Amino acid sequence: MVIKYYVSMWLEKISCTKILVFFILGLLCQQVSAQQLEGNVDFHGFADNREYGASDRYPQTIFGARITPEVGLLVDGVHRIRAGVSYLHEFGTKNILKPVRPVAYYNYMDKGFDFKIGMFPRHEYLDEYPKAILSDTIGYYQPNIEGMLVRYSNENFHQQLWIDWNSRQTRVDREQFMVGLSGNVHLGSLFYVKHFATLWHNAGVMADQPDPDDHIRDNGAASLHLGIDLSDKNWLDSINVNVGGIINYDRLRNVYDWQTPKGFISELYVEHSRFFVRNTFYTGQSLSIPYGDVFYTSKQYNRLDVGWVPLRNKNLEGRFTAGFHFSEGVMDNQQQFILRYNIGGKLRK
């Protein structure tokens, strides 16, 4: 009788445990099924031939492709968790250093607010920056922001603030990070004001006795532009003109105090039937911006881009550009083809 009693109690406990397990699993399945599984694949192909020998800048050809698959969960339409990888292959390279970079971030989007923290692609947010401040080379080799970004936007306004942690301080690695602020305000149907700013902090390695010849550098730039968009007012597909000023601030602690070279910058962009012309003109003092285009070290510089967009639809664009760089009495040239294809959407459960 005693044995039968304990066997009965044991079977009852197993039954209760099974019921509890099935209840928890059922609850989890219900919660997961109430959310949306989604994914995204971004392909970035680039061929950039830079013939910069005339001005004695660094000539090179950058030729490769990057693919970034992501998968994640969308919760309540506003919370998103994504994970993936970003893989780069430069054609002809035998030993690629760190070709794979992780992608993992949380994203909140609701009522115009966009907040991200983690490692996430930068091109959606930073491609509008002037090349004087952030050159297009960064997009080839540093595809992600590793940090945080907050953005607010509506029909006539957007502002964003971000921090990108480039390097964590160790005994062999320097501490480096960049903070940025940018935005755009539409003044009626034609005019707009936009601004861009960065601050880059470059400190030394962790050391018991710091190197007296190794100094902390703070460097950045800010620009303000007033523009007019006449795209809807004439037969051209797009015509956009803006003028403004740019200031570079640079300090090497214990060596020199803040230096602030500045200048005038203007841009004209015209496009029709997938052919375009872009002209950028700079005049002023020589700028020293480590992440900016090297041509802005010239006191007067003009860049003329003539191009064609053979591929364009909702998620695909292929753009060919022939660039001509006029500085210091000589002309350099550049040929560039960029293709970006983005595939994303909901996944089957």
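Reference entry: report on the structure contained in this document.

**Overview of the overall build of the protein chain**
When helices and strands are tallied, the protein chain shows three helices and 17 strands. The burial tally for the protein chain puts 37% of its 349 residues in the buried class. Within the protein chain, contacts between residues at least 6 apart in sequence are counted, and of these 54% link residues at least 24 apart. Of the roughly 20300 Å² of accessible surface on the protein chain, a fraction of 62% belongs to carbon and sulfur atoms.

**Remarks on the side chain of S298**
The topology assignment puts S298 in the loop between β14 (275-284) and β15 (300-312). A distance of 3.0 Å separates the side chain of S298 from the side chain of E328, its partner in a polar contact.

**Structural notes on a nonpolar patch on the surface**
A cluster of nonpolar side chains, V41, F43, I67, V85, Y87, V100, Y341 and I343, forms an exposed patch at the surface whose accessible area comes to about 630 Å². Only β1 (36-51), β3 (79-90) and β17 (330-346) provide two or more residues apiece to the nonpolar patch. Looking at the element boundaries, V41 is found in strand β1. Classification of V41 by relative accessible area gives partly exposed; the value is 31%.

**Observations regarding the pattern of salt bridges**
Under the definition given, this model contains 17 salt bridges. With a shortest N-O distance of 3.1 Å, D305 and R303 are connected by a salt bridge. Accessibility classification places D305 together with R303 in one group, the buried group. Overlapping salt bridges bring together E38, E70, R80 and R82 as one network.

**Comments concerning unusual backbone geometry**
Here the phi dihedral of D56 falls at roughly 60 degrees; this positive angle occurs in a residue that is not glycine. On the secondary structure map, D56 appears in the loop between β1 and β2 (60-75).

**Points about the pairing of strand β4 (residues 100-110)**
Relative to β4, β3 is paired through nine bridges, and the arrangement is antiparallel. Of the residues in β4, the one forming a bridge with I81 is Y106. Relative to strand β5 (residues 113-121), β4 runs antiparallel, the two being bridged by seven bridges. Bridge pairing links A104 to M119 in β5. In this antiparallel pair of consecutive strands, β4 and β5, the connection spans two residues, and K111 shows a positive phi of 50 degrees.

**Quick word on the pairing of β14**
The pairing of strand β13 (residues 262-272) with β14 spans ten bridges and is antiparallel. Across the sheet, L268 pairs through a bridge with N279, a residue of β14. Taking the residues that link successive antiparallel strands as the turn, the β13-β14 hairpin has two residues, and the phi of S273 there is positive, at about 55 degrees. As defined by bridge partners, β14 adjoins β15 across nine bridges and the pair is classed as antiparallel. Following the sheet pairing, F276 is matched in β15 by G307.

**Side note on the environment of L339**
Structurally, the position occupied by L339 is in strand β17. Through-space distance from the C-alpha of L339 to that of F46 is 6.4 Å; in sequence the pair is 293 residues apart. With near-sequence residues (within four places) excluded, L339 lies in contact with F43, H44, G45, L311, L316, E317 and G318.

**A word on the nonpolar core**
Counting 27 residues, the largest nonpolar core has L126, Y129, I133, L134 and Y296 as its most contacted members. Taken together, the elements giving at least two residues each to this core come down to β4, α2 (123-126), β6 (144-154) and β9 (191-202). In this structure L126 touches L134, I145, Q160 and W162, once residues within four positions along its chain are discounted.

**A few points about the side chain of D48**
The topology assignment puts D48 in strand β1. Polar side-chain contacts of D48 include one of 2.8 Å to the side chain of Q334. At 3.2 Å, the side chain of D48 forms a polar contact with the side chain of Q336. Leaving out residues up to four positions away in the same chain, D48 has contacts with Q60, T61, I62, D136, Y140, Q334, Q335 and Q336.

**Side note on the packing of aromatic side chains**
A ring pair, where both rings are aromatic, is described by two values, the distance of the centres and the angle of the planes. Evaluation of the coordinates by the stated rule reveals 19 aromatic pairs. With centroids separated by 6.1 Å and ring planes inclined at 65 degrees, the aromatic side chains of Y105 and F120 adopt a geometry described as edge-to-face. Of this pair, Y105 sits in strand β4 while F120 sits in strand β5, and the two are 15 residues apart along the sequence. Taken individually, Y105 and F120 each receive the classification buried, so the pair is uniform in this respect. Ring centres of Y152 and F157 lie 6.3 Å apart, and the angle between their planes is 50 degrees; this geometry places the pair in the tilted category. F157 gets classed as partly exposed once you look at its relative accessible area, which sits at 29%.

The rules behind these values
Residues numbered from 1 in each chain as written. Predicted model: local features only at pLDDT ≥ 70, side-chain atom pairs only at ≥ 80, totals over all residues. Heavy atoms only, no water. Helix = DSSP H or I, 4+ residues; strand = E, 2+ residues; numbered from the N terminus. Buried < 20%, exposed > 50% of the residue type's maximum accessible area, 1.4 Å probe, protein only. Contact = heavy atoms within 4.5 Å. Areas by Shrake-Rupley, 256 points an atom, 1.4 Å probe, with all protein chains shown as cover. Polar contact = N/O pair within 3.5 Å; in protein donor to acceptor, adjacent residues only side chain to side chain. Patch = residues over 30% accessible without salt bridge, like charges linked within 9 Å, V, L, I, M, F, W, Y side chains within 5 Å. Salt bridge = Lys/Arg side-chain N within 4 Å of Asp/Glu carboxyl O. Pairing = 2+ DSSP bridges. Core = buried A, V, L, I, M, F, W, Y, C linked by side-chain atoms within 4.5 Å. Phe/Tyr/Trp six-rings, centres within 6.5 Å; stacked < 30°, edge-to-face > 60°.

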